[in-house]
Structures are given as C-alpha cells and as structure tokens.
Amino acid sequence: MHCALYHANFAFHHEHIAMHRICRYYVSIIKETVNKRAMNTLDARQISKSGTVIHFPIRTEVSKEINPVFNVKSGMILNDKYEIVEQIGRGGTFDVFLANDTRLNLKWAVKVTRSDSPASVQAARREAQMLKELDHPLIPKLAEVYTVEDKTVVVQEYIHGMTLERIVENYGAQSVEKVIDWTRQICSIIGYLHSLEPAHIYRDVKPANFILEPSGRLRIIDFGIMRIYKDGQTGDTCCLGTKGYAAPEQFGGRGQTDPRTDIYAIGITMYRLLTGQNVCERSFLLNPIEKNEPGIPSGLAYIINKCTQFNPRERYNSCDELIDDLNRYNQLPPRKSFLSRLLNR
C-alpha cells in the first residue's frame, strides 16, 4: 500500500479555476512531463521496489551502481563495533540496518547509502548535518557519520516499534481517540521544525515516517527531503514529495513550500489513519470529506478539509492552530451566520 514518490511540474492559469478543469489539466500535464523527462532525468535505481521512492531530480547526473565490494550483510562489523543484524528499511538514499554495538551493548540504526555518487553522498551528509542540529525528544539522536568504500554511513538512535502505516495495514482504521493523540504528537514534531530559524519544511509527512513505540510515544524518521525555507525564493530547488500526501505546491509552479505544505500532509495522514483507505485513490481537492463519511466525525471532517485546501492561504497557518481545533473538534464545524445560511455559503 506504499505510495510512490514522484515529481511533475504543473501550473494553473487562475487560482479559482473550476475544479473539473483542474483535474483535466492536472492529468494532462503529468502525462506530458513524465513522458518528456523519463529518458533524461530519472535514475531508475532511485525507485524502490517496495514503491516508496520515485525521484525526479532537476539535476541530470545518473547515480553510479552500488560498489559490489562493499555489500552490507548480516554478521558484518562496521567501524570495528557495529555488528549488522538485519536490514530493517529502505529509503530514497539509504538502506537501513539494525546493528548491535559490540562495545556499548546498544542497538543502533545504521544507514548506508546505496550509491557512491557525489550527489548521493552530498544528500546523505546534508541530512545527517540537519539531524545533528535538531533537538527534540521525538527526533532520533545522531551518533556518527563516516565513509567506507566511498559509501556514507550514518549511525543514529534505533527506534523500537511499528510505523503507523504498518499499523493501518495490519489492523485497519484506527479509533478517533488514537488518531487525535497521534496527530497532536505529529504536530508537536512538525511544529518544532517550523519554529526553527529559518523554518525547516519536512515535506514528507505520512504514516510510514512515524514509529509508535510501545509506550505510546511517536518518533519521526527519514529526513531525506526536508528543506530549509528561504525568504524571497520563488520555488523549491528540487520538487519532491509522496504521491497522495504531497501538497499541490510540491509539484512546482506555485512558489516554494512552507509550513502549510506540511499541514496539508497532516490532514491526509489523519484521513488514512481514520479510514484505512488508500489516499492515492482519492483526490481531496475534487472530493472533500463529507460530514457523514463513515469513521470520521463531522468535526474531524472539517479539520481534514481545512488542512487539504488547494490554496495554502485557506489552510491552517500553523500546527498550533491545528491543535487548537483538534482540542475542540466536537464543537466543529462552526455554525454559520444567518446571512451565510441565507446565501447558502
């Protein structure tokens, strides 16, 4: 059920264009762009067989194949202390392994780049540097970064638990109480990133990137496409996101991503957790949540719809605003004024 990451450029001629025209235009541009770029810019080795990564970079450099001399396997010891137990994940840049620290008797998550290309190494070190600068209890701690056989190895705190995506896959739709609690925690993490100077835009909020520990605490993983907001910049240098969760501005042509981009994905994540439905099969722009939709109280339907507005100005401006409405969701949606009801607005 994992959704694929993908990139396509599209632009709309008018902000308030009719939604049926948006759909038609959106589909045609995606087809045209994908066909045009597929032969020139797509590195097929950046597509995960599990369906987690599709990367259409602006750069045209093709990544090198992984060096067969350095192939991480169970039982291998890295840096004289990290004994590889098993592979536990695969992201856009890294293969992720569980390792035992033979000196300290600790468990670590060891992330090894699959490619030794300069671009891959740069991306890995950039992610590690950003992770090193973050300080939040729900963000994993970085242990060290080093290079071996032209591969970058990032060692960080191992988080024991199950991703929210796996929970939904295994157990289906989750209760309103659980989803509200998890959403508050997600807002705490993402809100922290937004509060930094300059703001850090995560750009990849989805159930697969949050691990639920046995204690009930959520932890965030995978900072591979996080970016720093830059005043005056007209767009993202590289347009990345996860299909189904990515906000419209992540496809390019509508300015750079900002905190409201992550708000959009939080709304989609809430829908996925509440319903268990595949979000890739629904357009929230054309088919908003109904007040009486099964499994979704009207107040949460209101919140999800506000999060997923096409125009960022119509979404919540911050995670704090979203949390405020979560805390009073049973009082939502707000009652319309007499004039609004008279005008059917």
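It should be noted that the structure appears before, not after, this text.
Here is a short report on the structure shown in this document. Everything quoted here is computed from the prediction, not taken from an experiment. All residue numbers refer to position in the chain's written sequence, counted from 1. Reporting in this predicted model follows two pLDDT cut-offs: at least 70 for local features of residues, and 80 or more for side-chain atom pairs to be given and counted; totals over whole chains, interfaces and linings ignore these cut-offs and use all residues. Computation of side-chain values covers all heavy atoms of the structure but excludes hydrogens and water.

1. Describing the packing of aromatic side chains
The condition is simple: To pair, rings of Phe, Tyr and Trp, with the six-membered ring standing in for Trp, must have centres within 6.5 Å; the planes then decide the type, stacked if under 30 degrees apart, edge-to-face if over 60, and tilted in the middle. A run of H or I in DSSP becomes a helix once it reaches four residues, and a run of E becomes a strand once it reaches two; helices and strands are each numbered from the N terminus. Burial classes: relative accessible area under 20% of the type maximum marks a residue as buried, over 50% as exposed, and values in between as partly exposed (1.4 Å probe, protein chains only).
Inspection of every chain in the model, using the stated rule, returns 1 aromatic pair. Judged by centre distance (5.7 Å) and plane angle (80°), the rings of Tyr-202 and Phe-223 are edge-to-face. On the criterion of sequence distance, the pair formed by Tyr-202 in the loop between β8 (200–201) and β9 (210–212) and Phe-223 in the loop between β10 (218–220) and β11 (227–228) is long-range, its members being 21 residues apart. Summarising the burial analysis for this pair, Tyr-202 and Phe-223 share the class buried.

2. Overview of helix α5 (residues 259–275)
For the record, the criterion: The span expected for a helix works out to 1.5 Å for each residue beyond the first.
The end-to-end C-alpha distance of α5 is 25 Å, a good match for the 24 Å that 17 residues give at a rise of 1.5 Å each. Among the 17 residues in α5, 16 count as buried, and that is most of the element.

3. Quick notes on the sheet that holds strand β2 (residues 82–90)
Cut-off, in case you're wondering: One requirement defines pairing of two strands: DSSP has to find at least two bridges between them. Note on contacts: a residue pair qualifies if any of its non-hydrogen atoms lie within 4.5 Å across the two residues. Fitting a line to C-alpha atoms yields each axis, with helices limited to the stretch in contact; the angle taken between N-to-C directions then spans 0 to 180 degrees.
Strand order in the open sheet formed by 6 strands is β1-β2-β3-β4-β6-β5, and the pairing between neighbours is antiparallel. Strands with a single pairing partner mark the edges of an open sheet, and in this sheet they are β1 (77–78) and β5 (142–148). Along the sheet face, helix α2 (residues 118–133) touches β3 (94–101), β4 (106–113), β5 and β6 (151–157) and points at about 160° away from the line of β5.

4. Some words on the side chain of Lys-206
The test is simple: Side-chain atoms alone can form a polar contact between residues adjacent in sequence; in general such a contact is a pair of N or O atoms within 3.5 Å, and within protein one must be able to donate a hydrogen while the other accepts it.
Note that Lys-206 resides in the loop between β8 and β9. The exposure class assigned to Lys-206 is buried, which follows from its relative accessible area of 9%. In terms of polar contacts, Lys-206 uses its side chain to reach the side chain of Thr-242, at 3.2 Å.

5. Digging into unusual backbone geometry
A cis amide bond links Glu-197 with the next residue in sequence, Pro-198, at an omega value of -5°. In this structure, Pro-198 sits in the loop between α4 (176–195) and β8. If you check the backbone angles, Asn-79 has positive phi at about 55° while not being a glycine. Along the chain, Asn-79 turns up in the loop between β1 and β2.

6. Considerations on the state of the cysteines
Going by this rule: Disulfides are defined as cysteine sulfur pairs within 2.5 Å.
Tallied over the entire structure, the rule returns 0 disulfides. The structure places no disulfide on Cys-187, whose sulfur is separated from the nearest cysteine sulfur, that of Cys-319, by 4.5 Å. Overall, the relative accessible area of 3% leaves Cys-319 in the buried class.

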